[in-house]
Number of protein chains: 2
Amino acid sequence: MAQVFLAAELSPTVQRRVLYRELRDRSDHPDAEALFAAVKQRLPDVSLATVYRNLRLFVEAGMATELKVEGSSSRWDGNTHRHHHLLCSACGDVSDFFSEELDQLGDSLELDRGFEVQGMDVRVTGLCGDCRTP
Amino acid sequence: MAQVFLAAELSPTVQRRVLYRELRDRSDHPDAEALFAAVKQRLPDVSLATVYRNLRLFVEAGMATELKVEGSSSRWDGNTHRHHHLLCSACGDVSDFFSEELDQLGDSLELDRGFEVQGMDVRVTGLCGDCRTP
DNA sequence: TTTTGTGCAAATCCTTTGCATGGGT
DNA sequence: ACCCATGCAAAGGATTTGCACAAAA
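No experiment lies behind these values; they were computed from the predicted model shown.

Note on the chain copies: they are related by a rotation about an axis and a translation along it. The two copies are related by a screw motion: chain B maps onto chain A through a turn of 179 degrees and a shift of 0.0 Å along the axis, at an RMSD of 0.1 Å. Overall, the copies show the geometry of a two-fold rotation axis. Minimal C-alpha separation from the rotation axis in chain B is found for Val122 of chain B, amounting to 2.2 Å. The fraction of interface residues of chain B whose copies in chain A are also interface residues reaches 100%, indicating that both copies meet through the same surface.

Residue and element names in this part refer to chain A. Counting buried positions along strand 3 (residues 84-88) yields 5 of 5 residues, so the element is predominantly enclosed. Taking every second residue as pointing to the same face, both faces of strand 3 are buried, with His84, Leu86 and Cys88 on one and His85 and Leu87 on the other. Bridge count for strand 3 against strand 4 (residues 94-97) is 4 bridges, and the pairing is antiparallel. Residue pairing for strand 4: His85 is matched across the bridge by Asp96.

Attention shifts here to the protein's contact with DNA strand C. The full set close to DNA strand C counts 17 residues, and Tyr52 and Arg56 of chain A together with Thr13, Thr50 and Arg53 of chain B are the nearest of them. In DNA strand C, the atoms that sit within 4 Å of the protein are 77% sugar and phosphate, with bases accounting for the remainder. One of the backbone N or O atoms of Asp45 of chain B is found 3.1 Å from a phosphate oxygen in DNA strand C. Of all the elements in the fold, those that place two or more residues in the surface near DNA strand C are helix 4 (48-60) of chain A together with helix 2 (14-25) and helix 4 (48-60) of chain B. Its residues assigned to classes, the surface near DNA strand C comprises 4 nonpolar, 8 polar and 5 charged.

Counting across every chain of the model gives 6 aromatic pairs over all chains. A centroid spacing of 6.2 Å and a plane angle of 70 degrees characterise the contact between Phe5 of chain B and Phe58 of chain B, whose relative ring orientation is edge-to-face. Of the two residues, Phe5 of chain B sits in helix 1 (residues 2-8) while Phe58 of chain B sits in helix 4, which places them 53 residues apart along the sequence. The residues Phe5 of chain B and Phe58 of chain B share a single accessibility class, namely buried. Aromatic rings pair up to connect Phe5, Tyr20 and Phe58 of chain A into one cluster.

With that settled, consider the nonpolar core. Ranked by internal contacts, the top residues of the largest apolar core, which has 22 residues, are Val122 and Val124 of chain A together with Val122 and Val124 of chain B. Going through the elements one at a time, strand 3, helix 5 (100-107) and strand 5 (116-127) of chain A together with strand 3 (84-88), helix 5 (100-107) and strand 5 (116-127) of chain B are the ones with two or more residues in this core. Residue contacts for Val122 of chain B: discarding those within four places in its chain leaves Met120, Asp121 and Val122 of chain A together with His84, His85, Phe97 and Leu102 of chain B. With 19 residues, the next largest nonpolar core counts Phe5, Phe36, Met63 and Ala64 of chain B among its residues.

Quick notes on the rules
- Residues numbered from 1 in each chain as written.
- Chains lettered and ligands numbered in written order.
- Predicted model: local features only at pLDDT ≥ 70, side-chain atom pairs only at ≥ 80, totals over all residues.
- Heavy atoms only, no water.
- Least-squares fit on C-alpha atoms with pLDDT ≥ 70 in both.
- Contact = heavy atoms within 4.5 Å.
- Buried < 20%, exposed > 50% of the residue type's maximum accessible area, 1.4 Å probe, protein only.
- Helix = DSSP H or I, 4+ residues; strand = E, 2+ residues; numbered from the N terminus.
- Pairing = 2+ DSSP bridges.
- Near = heavy atom within 4 Å.
- Polar contact = N/O pair within 3.5 Å; in protein donor to acceptor, adjacent residues only side chain to side chain.
- Nonpolar A, V, L, I, M, F, W, Y, C, P; charged D, E, K, R; others polar.
- Phe/Tyr/Trp six-rings, centres within 6.5 Å; stacked < 30°, edge-to-face > 60°.
- Core = buried A, V, L, I, M, F, W, Y, C linked by side-chain atoms within 4.5 Å.

Next comes the structure, spelled out in structure tokens:
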């Protein structure tokens, strides 16, 4: 993990390390409050402001992504590999999915207006396994 | 336009008709403030609350879509045809694009966990024509 | 006259910021 | 000592809500 902070030119404070580890190790795209609660278990005095401040820094450094979805506050994503999202319209759950074909198609998209592609996020909405058959 | 309101079971008040028309006739995915300003030209006494209230109703009725993008307030989209979005990371511009292949691929996506697909929004980020070569 | 929609203002939620303190080098 | 990150509390922006009045049925 040390290299990550080194590369990002961010000093690896305890708060940052605990926050980053939490974000990286879970795949449920938590919001700031959830991360705050998790970090607080280890660092009872941490503040919500610190969580927000550092999430912003992580995003700037490419260590994380902000995911704004309707119906909730921003979700945060520590997965830096190319991937896309499944959004459950019933429970609000967000999960990752990967698709070779989609990525290839994305790379070769013919876009008019000379748009220069930097990235792509596919959001598939629907019902997750749990919500489909209760 | 009357049928749209009929189908949505929304009474076609002046405010709603002006707002809907504005939203439907522009493709720049305006935010609530921009729509408010536009509607105000015709209805000087309209309130921002009415704009927000009705946008929500439009979305519930499937007449519009909310588009939460980072770095700005919610954008609203009156295009009800299947389409995707180009987001310019420089100027914040949002535009539509269409792709047969993408839609077909989306329809046939093999998703594990028994996810039942309802819709798909592809967000391509990058530089729009204007920002690419200034 | 009953219902429904509106304008206004206040409230709420999420996120950011200013500032004094504390920790690390 | 210096600098940067933190905690706290206050500020800020976007959106929603309560309420009294107006419009429509």
